[in-house]
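# Close look at the chain arrangement
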Amino acid sequence: MSDGESKGERLNRELIELLQELRVVIPGVQVLLAFLLTVPFQQRFAQLPGSMRNAFFGAIASATLATAFLIAPSVHHRMWWRAGEKERLVRMGNQMAIVGTVFLAAAIVLALYVITDVLFTTNLAVMTGIAALIVFGALWYVVPMVGRSSSSGEEGSEEEEEEEEEEEEDEAAGGEQAQESRGASSRR
């Protein structure tokens, strides 16, 4: 908001950015889920041991949950877009997107584990799964949080100041409206 952006403009921008980010992620989740849903109908799937089927089911369940969480903000936007609840939409949509990416990472790691086990060995599958988990965790969650904490000291104080200014403006506007309404009622 330091660029002269009002709270409403900021919320509009944040909501648009969130929906655009989800438009990038959702096709990948849908392709992954579609692929996972076709695998059980292959002849070789019946030969998988029970532990691999369980891991595969975990991948399907995770991809399904990822799809649900990542599409939910768009549905919420459609249902609430005229209700003036943009702040709530942005907050909840952000939380759902993060949870959705956790399930997406789990689906990819589990599918990678099963495929690596079928193609190579269980030991390699475990190492590959752990490596993928570390990569997703680091790139998707640790790096953003490290960057956030190092710059949050400066931005946090600016944001707090801006919020205080907004509250003062809102109070001043509320006071003027109250005075105007008192003036209007005293004229009657």
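Residues numbered from 1 in each chain as written. Predicted model: local features only at pLDDT ≥ 70, side-chain atom pairs only at ≥ 80, totals over all residues. Heavy atoms only, no water.

Once that is clear, we can look at the overall build of the protein chain. Counting its secondary structure elements, the protein chain contains 4 helices and 0 strands. The N-to-C order of helical and strand elements in the protein chain reads α-α-α-α. Looking at the protein chain as a whole, 28% of its 188 residues qualify as buried. For the protein chain, long-range pairs separated by at least 24 residues make up 73% of all intrachain contacts whose partners lie at least 6 apart in sequence. In the structure as shown, the protein chain presents an accessible area of about 12700 Å², 59% of it carried by carbon and sulfur atoms. (Helix = DSSP H or I, 4+ residues; strand = E, 2+ residues; numbered from the N terminus. Buried < 20%, exposed > 50% of the residue type's maximum accessible area, 1.4 Å probe, protein only. Contact = heavy atoms within 4.5 Å. Areas by Shrake-Rupley, 256 points an atom, 1.4 Å probe, with all protein chains shown as cover.)

Under the criterion given, the structure shown has 3 salt bridges. As a salt-bridge pair, arginine 10 and glutamate 14 come within 3.2 Å of each other at their nearest N and O atoms. Of the two residues, arginine 10 and glutamate 14 are both situated in helix H1 (residues 7-38); the distance of 4 residues between them amounts to about one turn of the helix. By relative accessible area, which is 24% here, glutamate 14 ends up partly exposed. (Salt bridge = Lys/Arg side-chain N within 4 Å of Asp/Glu carboxyl O.)

Once that is clear, we can look at the confidence of the model for the protein chain. Caution applies to low-pLDDT parts of the model: their predicted coordinates are not meant to be read in detail. On average, residues of the protein chain carry a pLDDT of 80, and 77% of them reach 70 or more. The element-level mean pLDDT for the protein chain is lowest in helix H4 (residues 122-187), coming to 66, with helix H3 (residues 86-119) highest at 92. (pLDDT = per-residue confidence, 0-100.)

It is worth spelling out the packing of aromatic side chains at this point. All told, the structure shown has 4 aromatic pairs when counted by the stated rule. Ring centres of phenylalanine 45 and phenylalanine 56 lie 5.2 Å apart, and the angle between their planes is 65°; this geometry places the pair in the edge-to-face category. With phenylalanine 45 in the loop between H1 and helix H2 (50-80) and phenylalanine 56 in helix H2, this pair connects stretches of sequence that are 11 residues apart. Here phenylalanine 45 and phenylalanine 56 have matching classes, each one buried. (Phe/Tyr/Trp six-rings, centres within 6.5 Å; stacked < 30°, edge-to-face > 60°.)

It is worth spelling out the environment of valine 31 at this point. Here valine 31 shows up in helix H1. For the pair valine 31 and alanine 63, spaced 32 residues apart in sequence, the C-alpha to C-alpha distance is 9.8 Å.

Taking 1.5 Å as the rise per residue, H2 with 31 residues should run 45 Å; its terminal C-alpha atoms sit 44 Å apart, in good agreement. At alanine 72, H2 is bent by approximately 35°, the largest bend along its length, and proline proline 73 sits one to four residues beyond. (Expected span 1.5 Å × (residues − 1). Bend = angle between axes of the 7 residues up to and from the residue.)

Moving on, we come to H1. Helical geometry: 3.6 residues make up each α-helical turn, so side chains three or four residues apart lie on a common side. Here H1 contains 32 residues, and its C-alpha end-to-end distance of 46 Å stays within 8% of the 46 Å for a straight helix at 1.5 Å per residue. Along H1, the largest kink reaches about 30° and is centred on valine 25; proline proline 27 follows within four residues of it. For H1, every residue scored as buried is listed here: Arg10, Leu11, Leu15, Leu18, Leu19, Leu22, Ile26, Val29, Leu32, Leu33 and Leu36. Of the surrounding elements, those touching the buried residues of H1 are H2 and H3.

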